[in-house]
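Given next are the chains, with one letter for each unit.
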Amino acid sequence: MARLLIVHHTVSPATQEMLAAVLDGAHTDDIEGVEVRTRPALAATVIDLLEVDAVLLGTPANIGYMSGALKHWFDTVYYPAQTDTEGLPYALFVHGDNDTSGAVRAVESIAKGMGWRRQRPPVSVTGRPGAEAREACWELGAVMALAALGEA
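What this report covers is the structure whose coordinates are included nearby. Remember, it's a predicted structure, so these values are computed and weren't measured experimentally.

**Section: the nonpolar core**
Among the nonpolar cores identified, the biggest contains 29 residues, and Leu49, Val55, Leu57, Trp73 and Trp116 are the most heavily contacted of them. Contributing elements (two or more residues each) for this core: strand 1 (2-8), helix 2 (46-50), strand 3 (54-60), helix 3 (68-81), strand 4 (89-96) and helix 4 (101-114). At seven residues, the largest contribution of residues to this core is made by helix 4. Every residue in contact with valine 55, bar those within four places of it in the chain, is listed here: Leu4, Leu5, Val7, Leu49, Trp73, Leu88, Pro89, Tyr90, Ala91, Trp116 and Met144. Counting 25 residues, the second largest nonpolar core, distinct from the first, contains Ala21, Val36, Phe93 and Val125.

Shown next, in the form of structure tokens:
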């Protein structure tokens, strides 16, 4: 069975909404054979990462950067998993009140250093997530479930 890991720091109502839509997409009945593992960034481990076929990251943009929790997870897994996860498909969803570019740039820089392969452009939302943002998150979850299967 293929495995998708969703590592997130979603403490705000907006990021919770985005995560819920991502999970709905990843668990769609149209895609079979994927186990979806969801871990808060402060609880996710290197073992979680080494056991999956794709990873989906979620974070708020805090003071122009990814959350400290997601950064801590990257600090924890970077060297132990770097060579073993090269080529891993990844994607990102991020929420900010005004701007998400710093958070996106930081995550993409680290993912590039890990040798990961961006599966789809980030879903980046400012302000309250509307129907279009929730749909984009749903699609991101579904696409990443397919990526875990090697079909996206």
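Picking up where we left off.
**Describing the packing of helix 3 against helix 4**
Two numbers describe how helix 3 lies on helix 4: the axes approach to 10 Å, and their chain directions differ by 10 degrees. Relative to helix 4, the element helix 3 lies roughly parallel. Here Leu70, Lys71, Phe74, Val77, Tyr78 and Ala81 of helix 3 lie close against helix 4, whose contacting residues are Val107, Ile110, Gly113 and Met114. Tallied by class, the residues present in the contact of helix 3 with helix 4 amount to eight nonpolar, one polar and one charged.

Quick notes on the rules
- Residues numbered from 1 in each chain as written.
- Predicted model: local features only at pLDDT ≥ 70, side-chain atom pairs only at ≥ 80, totals over all residues.
- Heavy atoms only, no water.
- Core = buried A, V, L, I, M, F, W, Y, C linked by side-chain atoms within 4.5 Å.
- Buried < 20%, exposed > 50% of the residue type's maximum accessible area, 1.4 Å probe, protein only.
- Helix = DSSP H or I, 4+ residues; strand = E, 2+ residues; numbered from the N terminus.
- Contact = heavy atoms within 4.5 Å.
- Axes fitted to C-alpha atoms, helices over the stretch in contact; angles between N-to-C directions.
- Parallel < 35°, antiparallel > 145°, perpendicular 65-115°, else oblique.
- Nonpolar A, V, L, I, M, F, W, Y, C, P; charged D, E, K, R; others polar.

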